[in-house]
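# A structural walkthrough
Listed here are the chains, written in short residue letters.
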Amino acid sequence: MNKKVALHNLGCKVNAYEVEAMQQLLEQAGYEIVPFEPGADVYVINTCTVTNIADRKSRQMLHKAKKMNPDAIVVAAGCYAQTDTGKLEADSAVDLILGNNQKKNIVEALTEYEIEHRKAARVIKINQTKEYEELSIGYTAEHVRAYLKVQDGCNQFCTYCIIPYARGRVRSRRPESILEEVHALAERGYKEIVLTGIHLSSYGVDFPEGENMNLLGLIRAVHQIDGIRRIRLGSLEPGIVTEEFARGISGLPKVCPHFHLSLQSGCDATLKRMNRRYDSGEYAMRCELLRKYYENPALTTDVIVGFPQETEEDFRKSYDFVEEIHFYETHIFKYSRRQGTKAAVMEGQITESTKAQRSDKMLALHEQRSQEYESAMLGKELEILLEEEIQVDGRAYYVGHSREYVKTAVEKQDGIGVNDIVSVRAEKFLEKHVLLGIFQGQKQ
């Protein structure tokens, strides 16, 4: 009888990609994939360590797995396994530890454990490797959109962030490997590719001199693959948006006008304490460049409130800057101390109540701007990639996202279905943050 394995992911899109890659390796080895419920023989938890809370959630999920089946093999993989190996070695709920750059060995590690029945930790010194861990997927849980990991590691060392210690230095995936995977996904019918990584903007900086492949070059190569109709980009650093980059991607019609530019704060003093390597003026200039080449692109961002020493005036500067830029979406995070980072030991830590107040103000602004951007789409023709069928008030609709990543529905009708690209005229809101479009025709 095949061994049953359940997998659970914590954290980012890169982690989610790696879980799918591990799952497919296990399937190829004959394991049966089952839900994360009691009854599995193996539980694999891909852990996260971005905050102290993420560490705690990782531990809780590992203990939950062992409780569901005390006889099961519990595997801790990923970032928390990398940074807190010692704690996991002492944790009786964990049988096998796989750090980063070791996930590709999951089948071998499980086979070895089955023979020896001895706790093992496969963890390398991640900061000392230049090897990109080759993982790939042939399909994804999302039926129409595939996230594709093209890069790992980060060289930035922002003062609040543990990720360079968990993921190591920048390591880029070979373009031929990426393109092979994109071809395979296109042949399986995927129409949208999202290029993602730990620090996507650094793609190619670690290649040997003379190899001039950078992120723009990679996007151009993916653009040439038949069957792929849309290309989205994961989180970008503002510095990558040069005149050459903005002009270059604007000449590639498959690239969606939806860009996530990481901000973190609109206050220059706070940005300096964060070691973010740009100021608000430079950031605003990068946004203007995108708006120069795209008509009303969807710009989204991340903002941290309550960073150590952030005064009311600092917060007001950050708030005013976010208000001025007119983002479509702003993801708000209350600063969370992460042991092992410079910010965790800074003086002037902000109270939780103050963080909550500032977060609420930013969230209200986000809601206002999001509504404004979506409302500006009314009356326009949008191209929607249909993703799923939904029911609203007893009526059936297909719902998907526009190129700007605005969620839009169209009434179900003959001749169209999931994974079709259709043209609609946005007429009104079906629900909050969901536009209703009138079908205009199917895109071939």
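Preceding this section is the structure that the text describes.
This text gives an overview of the structure that appears in the document. Being a predicted model, the structure only gives us computed values, none of them experimental. Here the residue numbers are simple positions, counted from 1 along each chain's written sequence. pLDDT decides what is reported in this predicted model: residues at 70 or higher carry local features, side-chain atom pairs at 80 or more are listed and counted, and totals for whole chains, interfaces and linings draw on all residues regardless. Side-chain descriptors were evaluated using all non-hydrogen atoms of the structure, hydrogens and water having been removed beforehand.

## Points about the overall build of the protein chain
- Each helix is a run of H or I in the DSSP string that is no shorter than four residues. Each strand is a run of E no shorter than two, and both are numbered from the N terminus. Summing up its helical and strand segments, the protein chain has 13 helices and 18 strands in all.
- In this setup the radius of gyration rests on C-alpha atoms only. A globule is expected at 2.2 Å times the number of residues raised to 0.38. A globule of 444 residues ought to have a C-alpha radius of gyration of about 22 Å, and the protein chain, at 23 Å, matches this closely.
- If you line up the protein chain on its principal axes, its C-alpha atoms span 65 × 60 × 55 Å.
- Sequence-distant contacts in the protein chain: of pairs separated by 6 or more residues, those separated by 24 or more amount to 73%.
- To measure how exposed things are, a 1.4 Å probe is used in the Shrake-Rupley method; for residues, cover is taken only from the protein chains shown. Carbon together with sulfur atoms contributes 48% to the accessible area of the protein chain, which is approximately 19300 Å² in total.
- Charge convention: Lys and Arg are scored as positive, Asp and Glu as negative, and His as well as the terminal groups of each chain are ignored. To locate a charge, take NZ of a lysine, CZ of an arginine, CG of an aspartate or CD of a glutamate. Taken together, the 58 basic and 65 acidic charged side chains of the protein chain have centroids lying 3 Å from each other. Contacts: residue pairs with any heavy atoms within 4.5 Å of one another.

## Regarding the packing of helix H9 (residues 243-250) against helix H11 (residues 280-293)
- Following both chains from N to C, one finds H9 and H11 inclined at 30°, their axes separated by 9 Å at the closest point. Judged by the inter-axis angle, H9 sits roughly parallel to H11. Helix-helix and strand crossings are classified by hand; for H9 and H11 the assignment is right-handed. Residues Glu 243, Ala 246, Arg 247, Ile 249 and Ser 250 of H9 form the contact with H11, whose participating residues are Leu 289, Leu 290, Lys 292 and Tyr 293.
- Three categories are distinguished: nonpolar for Ala, Val, Leu, Ile, Met, Phe, Trp, Tyr, Cys and Pro, charged for Asp, Glu, Lys and Arg, and polar for the others, with Gly belonging to the last. Classifying every residue of the contact of H9 with H11 gives five nonpolar, one polar and three charged. Axis lines are fitted through C-alpha atoms, for helices just across the contact stretch, and the angle between N-to-C directions can take any value from 0 to 180 degrees. Orientation categories follow fixed angle ranges, with anything under 35 degrees roughly parallel, anything over 145 roughly antiparallel, 65 to 115 roughly perpendicular, and all other angles oblique. Handedness of a helix crossing follows the sense of rotation of the near helix relative to the far helix, less than a right angle counterclockwise being left-handed and clockwise being right-handed.

## Section: helix H12 (residues 312-325)
- The end-to-end C-alpha distance of H12 is 20 Å, a good match for the 20 Å that 14 residues give at a rise of 1.5 Å each.
- Listed in full, the buried residues belonging to H12 are Asp 314, Phe 315, Ser 318, Tyr 319, Phe 321, Val 322 and Ile 325. Seen end-on, H12 carries its buried residues on one side only, within an arc spanning 160°. The exposed residues of H12 that point more than 90 degrees off its buried face are Glu 313 and Glu 324.
- Buried residues in H12 make contact with helix H10 (268-274), H11, strand S12 (298-305), strand S13 (329-334) and helix H13 (352-375).
- His 326 sits one or two positions beyond H12 and adopts a positive phi of about 65°. The span you would expect from a helix comes to 1.5 Å times its residue count less one. Partly exposed residues are those whose accessible area sits between 20% and 50% of the maximum for their type, while under 20% is buried and over 50% is exposed, using a 1.4 Å probe and protein chains only. It is the directions from the helix axis to the C-beta atoms whose arc is reported.

## Regarding the pairing of strand S18 (residues 434-443)
- At least two DSSP bridges between two strands are needed for those strands to be called paired. Strand direction decides the pairing type here: strand S16 (residues 407-411) and S18, joined by three bridges, are parallel. What sits directly across from Thr 408, in S18, is Leu 435.
- Pairing geometry for strand S17 (residues 421-431) and S18, over nine bridges, is antiparallel. Its bridge partner lying in S18, Glu 431 is registered against Val 434.
- Hairpin geometry of S17 and S18 is characterised by an intervening segment of two residues between the two adjacent antiparallel strands and by a positive phi of about 65° at His 433.

## Some details on the pairing of S17
- Across five bridges, the pairing between strand S14 (residues 381-392) and S17 is antiparallel. Among the inter-strand pairings, Glu 381 is bridged to a residue of S17, identified as Arg 425.

## Overview of the pattern of salt bridges
- In what follows, salt bridge is the name for a side-chain nitrogen of Lys or Arg lying within 4 Å of a carboxyl oxygen of Asp or Glu. A full pass over the atoms with the stated rule returns 36 salt bridges.
- Measuring nitrogen to oxygen at the nearest pair gives 2.6 Å for the salt bridge that ties Glu 243 to Lys 292. Residue Glu 243 is found in helix H9, and its partner Lys 292 is found in helix H11; the two are separated by 49 residues along the sequence.
- Classification of Glu 243 by relative accessible area gives partly exposed; the value is 30%.

## A closer look at the sheet that holds strand S15 (residues 395-402)
- As summarised here, the arrangement of the five strands in space is S14-S15-S16-S18-S17, forming a closed barrel in which the pairing is mixed. Going from strand to strand, the sheet's axes swing by 45° on average, the running direction of each strand aside.

## Quick notes on the environment of Ala 81
- Inspection of the secondary structure puts Ala 81 in helix H3 (residues 79-83).
- For Ala 81, a relative accessible area of 0% puts it in the buried group.
- Taking the C-alpha atoms as reference, Ala 81 lies 32 Å from Glu 192; in sequence the two are 111 residues apart.
- In this structure Ala 81 touches Thr 47, Ala 76, Leu 88, Ile 97, Leu 98 and Val 123, once residues within four positions along its chain are discounted.

## A closer look at unusual backbone geometry
- Residue Tyr 405 is not a glycine yet carries a positive backbone phi of 70°.
- With respect to the helices and strands, Tyr 405 occurs in the loop between S15 and S16.
- For Asn 419, which is not glycine, the phi torsion reads 80° and is therefore positive.
- By the element assignment, Asn 419 lies in the loop between S16 and S17.

## Remarks on the side chain of Ser 370
- Locating Ser 370 in the fold gives a position in helix H13.
- Residue Ser 370 is classed as buried on the basis of its relative accessible area of 2%.

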